[in-house]
Amino acid sequence: MAQYFDVHPVNPQPRALSQVVRILETGGLIAYPTDLGFAFGCLLGNGEGLARIRKIRQLSDKHHFTLVVDEFAKLGQFVEMDNWVFRAVKAATPGPYTFILKATREVPKVMLHPKKRTVGVRIPDHRTTLALLEAVGAPLMSSTLLLPGVDDPLTDGWAIKEELDQQIDAVLDSGDAGTQLTTVVDLTGDEPVIERVGAGDPSPFE
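This structure is a prediction, so every number in the text was calculated from the model and none was measured.

## Some points on the pattern of salt bridges
Pairing is possible between side chains that carry opposite charge, provided their charged atoms lie close to one another.
Phase 1: Following the criterion strictly, the structure yields six salt bridges and no others.
Phase 2: Residue Asp165 is joined to Lys161 by a salt bridge in which the shortest nitrogen-to-oxygen separation is 2.8 Å.
Phase 3: Residue Asp165 is classed as buried on the basis of its relative accessible area of 13%.
Phase 4: On the basis of relative accessible area, Lys161 is assigned to the buried category, the value being 9%.
Phase 5: Connected through shared salt-bridge partners, Asp70, Glu71 and Lys74 make up one network.

## A look at the layout of surface pockets
Over the atoms, a rolling probe the size of a water molecule traces out where space has been left empty.
Phase 1: For the largest pocket, the calculated volume is near 490 Å³.
Phase 2: Lining the largest pocket are 28 residues, with His64, Thr66, Thr98, Val184 and Arg196 positioned closest to its centre.
Phase 3: Within the residue set of the lining of the largest pocket, elements represented by two or more residues are β2 (30-34), β3 (37-43), β4 (66-68), β6 (97-103), β7 (118-122), β8 (140-144), β10 (183-186) and β11 (193-196).
Phase 4: If you tally residues by element for the lining of the largest pocket, the top one is β8, at three residues.
Phase 5: Counted by class, the lining of the largest pocket contains eleven nonpolar, eleven polar and six charged residues.

## What about the pairing of β2?
Phase 1: Counting buried positions along β2 yields five of five residues, so the element is predominantly enclosed.
Phase 2: Burial along β2 is two-sided: Ile30, Tyr32 and Thr34 facing one way and Ala31 and Pro33 facing the other are all buried.
Phase 3: For β2 and β3, the ladder comprises five bridges, and the chain directions are antiparallel. Among the inter-strand pairings, Ile30 is bridged to a residue of β3, identified as Gly41.
Phase 4: Between β2 and β3, which pair antiparallel one after the other, the connecting turn spans two residues.
Phase 5: Looking at chain direction, β2 and strand β9 (residues 170-173) are connected through two bridges and run parallel. For Ile30, the partnering residue across the bridge sits in β9 and is Ala170.

## Some thoughts on the packing of helix α1 (residues 14-25) against helix α4 (residues 127-136)
The angle between the axes and the distance between the axes are what describe a pair of packed helices.
Phase 1: As a packed pair, α1 and α4 sit with axes 9 Å apart at the nearest point and diverge in direction by 60°. If you check the angle between α1 and α4, you find them oblique. Where α1 crosses over α4, the two elements pack in a sense that is right-handed. Where α1 abuts α4, its residues Leu17, Val20, Val21 and Leu24 lie against Ala131, Leu132, Ala135 and Val136.
Phase 2: Looking at side-chain class alone, the contact of α1 with α4 contains eight nonpolar, no polar and no charged residues.

Cut-offs applied
Residues numbered from 1 in each chain as written. Predicted model: local features only at pLDDT ≥ 70, side-chain atom pairs only at ≥ 80, totals over all residues. Heavy atoms only, no water. Salt bridge = Lys/Arg side-chain N within 4 Å of Asp/Glu carboxyl O. Buried < 20%, exposed > 50% of the residue type's maximum accessible area, 1.4 Å probe, protein only. 1 Å grid on protein atoms, 1.4 Å probe; cavity = no way out; pocket = protein on both sides within 12 Å on 5 of 7 lines; lining within 4 Å. Points joined across faces, edges and corners; volume = space filled by probe spheres on them. Helix = DSSP H or I, 4+ residues; strand = E, 2+ residues; numbered from the N terminus. Nonpolar A, V, L, I, M, F, W, Y, C, P; charged D, E, K, R; others polar. Pairing = 2+ DSSP bridges. Axes fitted to C-alpha atoms, helices over the stretch in contact; angles between N-to-C directions. Parallel < 35°, antiparallel > 145°, perpendicular 65-115°, else oblique. Left-handed = near helix turned anticlockwise from the far one by under 90°. Contact = heavy atoms within 4.5 Å.

Encoded structure:
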């Protein structure tokens, strides 16, 4: 059964966060809140965790998983950005965007698009997410908590526990997850390509 951690949305309790970190460090898969719904998360390199996400969401091998980090400065280790991409991503983060970028060798192959060698990156604007990332001290490999046949991300932590109790290891809930999807922008070519319009304003990339 999944453990359930209910934390304060402004000052998440360090003890609860440390327990979630231990679950992640022992190969666990969690559900955690962001500014745009809940997401699945596991530690970098946890191939079994990604396989579990694929199974729950019924994803193909072409799905872009997302590296979630707590600050822009940490992206350079994992993705390639020339000057215009650097400026565009920096101006839009933290915020409601997922950017598709070319990955460096620091990104586990299991995360990458099999042909394009690309990965999604995201810097959420959400206190609990940022506190968790700070406690972990590393990016999370993530995917939006969308279940098959459902159009919107789940926003109720207790309902997620009931739905996925036997399939994940923990639910971190602060009662303030958003209700929309990110705007997804592919920045791997000469011009931005908007893959999905969500909460983020697409006009800077049009």
